[in-house]
Amino acid sequence: MPRGQRTEMSEVARRLQRAAIRLVFRLLELIVSGFLQLVYHGKGEVVPPINNLLLLEPASTLALKIRTRKVSSVQVIEAYIARIKEINPILNCMVDERFSDALKEAREIDSFIASETKSTDEIARDTPFLGVPFTTKDCIQVKGLSNTAGLYKRKDIKALEDAEVIALMRKAGGIPLAVTNISELCMWWESSNTVYGRTNNPYNTNHIVGGSSGGEACIQAAAASPVGIGSDIGGSIRMPCFFNGIFGHKPSRCIVSNQGEYPVPSEEQNTFLGTGPMCRYAVDLLPTLKVIAGKNAIHLKLEEKVNYDKMKFYYMESDGGSPVVSPVHPEIKDVLLKAVSHFERAYNIKAQKIRLEKMKMSIDIWLAKMKVKNGPTFCEELANREGSITLWWELVKWFLGFSNHTFIALATALTEKLGVQPGTPEHAQLCDLCDQLHQEFQDMLGNNGVLFYPTHPTPAPYHLEPLIKPFNFAYTGIINMLGFPATHCPLGLSKGGLPIGIQVIGGMNQDHLTIAVANELEKAFGGWVPPSIAV
């Protein structure tokens, strides 16, 4: 048989294989989703309405009102403590708190402001978040608070010091209030673990909040915290923000320090992990990023005025058709096109529709790049790096209801040896593909371009539903591997009452562009929609 004919037949075989895989995934998705619709019905428990106007203020506005003595820090802290106590029994987003210490710090700050030792301008310059509470996820160290990373063996561990980002927020005057729920070892996109249980979506408690920063996105969306800090190695900021209808930003590679986070990433994984702001109002993204970037903020153009007329806009409606990823929901495609149309109407900017074929390989690239050569195995991670769990025995215990681990964590350990391995030609090929895709993005976006792209293919699934669509995080995960900044922007609610939106991706260190676009989209489409309100 001629070589050309063999090549053609091989290509046909690959296409048939992809079609078969796609069919199996779609049928499984249809069957399980239909079953879960029967199990879950209605909106579950109703979250109490927001009834305090202070809870509806951006963090930056609260800071202004506190330093100008329009409101006291104590009043703000008390309002948020009351809100957490109100919503947490239903949502289970907060896992540990320092309410007493936070109130003490707030009283000290109010006394300092009353002393007029510094002018309001000096306070704004030196401590832009003075007196404002903030929260973060359980895997980021806050001195004295839970630092379990969702791992049962760490259930009694409290942080001995602050992570660098928390120290920077404190230096800027922020008051840590609480830490929030995550997935086990931050490696899944539903926030549930055997230490603190499962977190519920404030728009419909039958649905997930995402992961691993799911508790953080939930507490923000429920108006129980004005601003938060999350981390993202596969979409762990952007997916929860998408599912909960708030803003979230994954910074450019190596801009924000990951020191003080657990699990401790390998040297290479550290370049994929992005720590960034999560908030209800786009106006809070830039000042928070400026604080937590510390000395690296100089590499960004955060003070530069953005001129949309000088920008290039691109959009992709899907990844091009990965067989193991759900199709993009029509309502998500619709809001993406509405965002594109807004810039055409408002600024006469014609966005270019593009198709990057390599994006079909997003999940393959992510899985390959995450493989750590000579690093701790996931079985060792599940033992808190103190030996290793016996996987087969833990699986037996799980089926009998006695394991201290989640099924997805054990499944991750079970599949760790599957797929391409470091040092193989296939692994090198996927890494090379990632480099090529990075260059394509950078050539396209440069220092003045942004790409509109789905954050996730579907609105928030039902609890447990991610188990049958595990690779849907590909839309966010690929951006971690490429290292570019990405901002999730909420664009209203679906017909089913769940948040939807898109991510805006920029060139390297062009975080100010994606954040500026987020601010513009908030003005045009309204941004965060309160789950329920009574003021």
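Being a predicted model, the structure only gives us computed values, none of them experimental.

A. Structural detail: the overall build of the protein. A tally of regular secondary structure across the protein gives 18 helices and 13 strands. Expected size for 535 residues packed as a compact globule is a radius of gyration near 24 Å; at 23 Å, the protein falls within 12% of this value. Taken over the C-alpha atoms alone, the protein extends approximately 90 × 60 × 45 Å along its principal axes. Residues classed as buried in the protein amount to 58% of the 535 residues present. The contacts of the protein with a sequence gap of at least 6 include a subset with a gap of at least 24, amounting to 78%. Split by element, the accessible area of the protein, about 21800 Å² in all, is 56% carbon and sulfur.

B. Seen up close, the pattern of salt bridges. Per the counting criterion, the structure on display carries 24 salt bridges. Across the pair Asp 156 and Lys 155 runs a salt bridge whose closest N-O atoms are separated by 3.2 Å. When its relative accessible area of 35% is taken as the criterion, Lys 155 is described as partly exposed. The closest approach of N and O atoms between Asp 232 and Arg 238, which form a salt bridge, is 2.9 Å. Like Arg 238, Asp 232 is buried. Here the salt bridges share partners, and the residues they tie into one network are Arg 98, Glu 105, Asp 162 and Arg 170.

C. The arrangement of the pairing of strand 2 (residues 133-137) in detail. In terms of burial, strand 2 is a largely internal element, 5 of the 5 residues being buried. Taking every second residue as pointing to the same face, both faces of strand 2 are buried, with Pro 133, Thr 135 and Lys 137 on one and Phe 134 and Thr 136 on the other. In this view, the connection linking strand 2 to its parallel neighbour strand 3 (residues 175-180) by way of helix 6 (residues 164-171) has right-handed handedness. In the sheet, strand 2 pairs with strand 6 (residues 228-232) via 2 bridges, with the strands oriented parallel. For Thr 135, the partnering residue across the bridge sits in strand 6 and is Gly 228.

D. Structural context of the side chain of Asn 201. Tracing the chain through its elements places Asn 201 in the loop between strand 5 (197-198) and helix 7 (214-221). Excluding residues within four positions of it along the chain, Asn 201 makes contact with Leu 91, His 207, Ile 208, Val 209, Phe 243, Asn 244 and Ala 460.

E. Broad picture of the layout of surface pockets. Taken as a whole, the second largest pocket encloses approximately 520 Å³ of empty space. Surrounding the second largest pocket, 18 residues form its lining, Arg 18, Pro 323, Lys 360, Met 361 and Asp 364 being those nearest its centre. For the lining of the second largest pocket, the secondary-structure elements that each account for two or more residues are helix 1 (3-39) and helix 12 (362-370). The residue inventory of the lining of the second largest pocket, partitioned by class, reads 8 nonpolar, 3 polar and 7 charged.

Reading the values: the criteria
- Residues numbered from 1 in each chain as written.
- Predicted model: local features only at pLDDT ≥ 70, side-chain atom pairs only at ≥ 80, totals over all residues.
- Heavy atoms only, no water.
- Helix = DSSP H or I, 4+ residues; strand = E, 2+ residues; numbered from the N terminus.
- Rg over C-alpha atoms; globule rule 2.2 N^0.38 Å.
- Buried < 20%, exposed > 50% of the residue type's maximum accessible area, 1.4 Å probe, protein only.
- Contact = heavy atoms within 4.5 Å.
- Areas by Shrake-Rupley, 256 points an atom, 1.4 Å probe, with all protein chains shown as cover.
- Salt bridge = Lys/Arg side-chain N within 4 Å of Asp/Glu carboxyl O.
- Right-handed = clockwise from strand over helix to strand, strands pointing away.
- Pairing = 2+ DSSP bridges.
- 1 Å grid on protein atoms, 1.4 Å probe; cavity = no way out; pocket = protein on both sides within 12 Å on 5 of 7 lines; lining within 4 Å.
- Points joined across faces, edges and corners; volume = space filled by probe spheres on them.
- Nonpolar A, V, L, I, M, F, W, Y, C, P; charged D, E, K, R; others polar.

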